[in-house]
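As a plain string of letters, each chain reads:
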Amino acid sequence: MGFFDGLLGGRAQFDSGSAASNAIELVKRHQTVSLTKQGAATGNLRVNLSWRMRTSDIGAPKRQSLLRHPFQALKPDEVKAHSQSMVNVDLDLGVLYELTDGSKGVVQPLGSFFGDTNAPPYVKCSGDDRFGSGSGETIYVNLDHRDEIKRLLVFVYIYDQTPAFDRTHAVVTLYPSNGPRIEIGLDERHPQARSCAVVMIENVKGEIVVRREVKFVYGFQAELDRLYGWGLQWGRGYKSKVER
């Protein structure tokens, strides 16, 4: 065994999270986790979307040769404000739901489909964060009614703006009632995508399974619907203008 093999041995275990951060990260090599097996299939499951601009878009300085400019490494980076194009990025969080009785629908800020945690669909959206604040957007799922839930598709979309997934670092985080949080990063570069199916929460023979999807599409909710066979009817929706 080589020296570096010894240092890096066992690193693959971190694909499923970090004990230090108490988080499970769903990645391509580790795509599913069972809330039931973790004893976390009860109470409210909190689903949060947060994002920030990629540092390369926030006035990052150009690389300069240290041989020609040896003292540049000692000079602190210049901090620049966000441009107007960055402020216009508006990511929204939504959920397509299907219950065991066959009823289907969507929970999302657009159209004021905010849902309900104590009545069908047992999913509720907290509101609409249009400016990417620290708290982001949050959806709650009442897993005390897990037997009435067949599947939930958590998705993120860009409302009526230029596609900008390639300019944002977005993370969807699930906070179960028990155990570590579950993180799904949207770091893949898809500059023309307007929507992304992030994670599926599914009732599989009584077991609540969370599965990473991270599938980007060029359209909106209707295209996600077709991709996953929801079969809903969609119309164009609009948001009211707000002042920041």
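In this text, all values refer to a predicted model and were calculated from it rather than measured experimentally. (Residues numbered from 1 in each chain as written. Predicted model: local features only at pLDDT ≥ 70, side-chain atom pairs only at ≥ 80, totals over all residues. Heavy atoms only, no water.)

## A few points about the pattern of salt bridges
Part 1: The full count for this structure, using the stated rule, is 6 salt bridges.
Part 2: For the salt bridge of arginine 181 with glutamate 183, the shortest nitrogen-to-oxygen distance reads 2.8 Å.
Part 3: The exposure class assigned to arginine 181 is partly exposed, which follows from its relative accessible area of 23%.
Part 4: On the basis of relative accessibility, which here comes to 23%, the residue glutamate 183 falls in the partly exposed class. (Salt bridge = Lys/Arg side-chain N within 4 Å of Asp/Glu carboxyl O. Buried < 20%, exposed > 50% of the residue type's maximum accessible area, 1.4 Å probe, protein only.)

## Some points on the pairing of strand E9 (residues 149–158)
Part 1: E9 sits mainly inside the fold: 9 of its 10 residues count as buried.
Part 2: Note that strand E4 (residues 91–99) and E9 share 9 bridges and pair antiparallel. What sits directly across from leucine 91, in E9, is isoleucine 158.
Part 3: Relative to strand E12 (residues 195–204), E9 is paired through 7 bridges, and the arrangement is antiparallel. Bridged to phenylalanine 155 within E12 is alanine 197. (Helix = DSSP H or I, 4+ residues; strand = E, 2+ residues; numbered from the N terminus. Pairing = 2+ DSSP bridges.)

## Description of the nonpolar core
Part 1: Within the largest apolar cluster, 43 residues are counted, with the highest numbers of intra-cluster contacts made by Leu35, Val156, Phe165, Leu174 and Leu186.
Part 2: Residues within four places of valine 156 in sequence aside, it is in contact with Leu49, Leu91, Asp92, Leu93, Phe165, Val172, Leu186, Arg194, Ser195, Cys196 and Val198.
Part 3: Counting residues in hydrophobic clusters, the runner-up holds 13 residues, among them Leu153, Tyr157, Met200 and Leu224. (Core = buried A, V, L, I, M, F, W, Y, C linked by side-chain atoms within 4.5 Å. Contact = heavy atoms within 4.5 Å.)

## A short note on the sheet that holds E4
Part 1: The 6 strands lie next to each other as E2-E13-E12-E9-E4-E5, forming an open sheet whose pairing is antiparallel. Each edge of the sheet is formed by a strand with only one pairing partner; in this case those strands are strand E2 (32–34) and strand E5 (104–107). On average, adjacent strands in this sheet sit at an angle of 20 degrees to one another, irrespective of strand direction.
Part 2: In this structure, E4 lies alongside E5, joined through 4 bridges in antiparallel fashion. Bridge assignment links leucine 96 to a residue of E5, and that residue is valine 106. (Axes fitted to C-alpha atoms, helices over the stretch in contact; angles between N-to-C directions.)

## Comments concerning helix H3 (residues 221–228)
Part 1: Among all positions of H3, only Gln221, Leu224, Asp225 and Tyr228 are buried. Buried residues of H3, viewed axially, fall in a sector of 105 degrees; they line one side.
Part 2: Where H3 is buried, its residues contact E4, E9, E12 and strand E13 (207–217).
Part 3: Glycine 229 occupies a position one or two residues after H3 and carries a positive phi of about 65 degrees. (Arc of directions from axis to C-beta.)

## Some words on the side chain of glutamine 108
Part 1: Positionally, glutamine 108 belongs in the loop between E5 and strand E6 (115–116).
Part 2: A polar contact is formed between the side chain of glutamine 108 and the backbone oxygen of leucine 110, at a distance of 3.1 Å.
Part 3: Look past the residues within four positions of glutamine 108 in its chain and what remains in contact with it is Leu93, Gly94, Phe113, Phe114, Phe155, Tyr157 and Gln221. (Polar contact = N/O pair within 3.5 Å; in protein donor to acceptor, adjacent residues only side chain to side chain.)

## Some words on the packing of aromatic side chains
Part 1: Enumeration according to the criterion identifies 1 aromatic pair in this entry.
Part 2: Geometrically, the ring pair formed by phenylalanine 155 and tyrosine 157 is tilted, given 5.8 Å between the ring centres and 35 degrees between the ring planes.
Part 3: Overall, phenylalanine 155 belongs to the buried group, its relative accessible area being 0%.
Part 4: Directly above the aromatic system of tyrosine 175 lies the positively charged group of arginine 46, at a separation of 4.0 Å from the ring centroid. (Phe/Tyr/Trp six-rings, centres within 6.5 Å; stacked < 30°, edge-to-face > 60°. Lys NZ or Arg CZ within 6 Å of the ring centre and 35° of its normal.)

## A few points about the environment of lysine 124
Part 1: Mapped onto the secondary structure, lysine 124 falls in strand E7 (residues 123–125).
Part 2: In this structure, the C-alpha to C-alpha distance between lysine 124 and valine 107, residues 17 residues apart in sequence, is 6.8 Å.
Part 3: Setting aside its immediate chain neighbours within four residues, lysine 124 contacts Val107, Phe114, Gly115, Asp116, Thr117, Thr138, Ile139 and Tyr140.

## Describing the environment of asparagine 22
Part 1: Residue placement: asparagine 22 occurs in the loop between helix H1 (3–8) and strand E1 (23–25).
Part 2: Once the C-alpha coordinates of asparagine 22 and isoleucine 182 are considered, the two residues, 160 residues apart in sequence, prove to be 9.0 Å apart.
Part 3: Setting aside chain neighbours within four positions, we find asparagine 22 in contact with Pro180 and Arg181.

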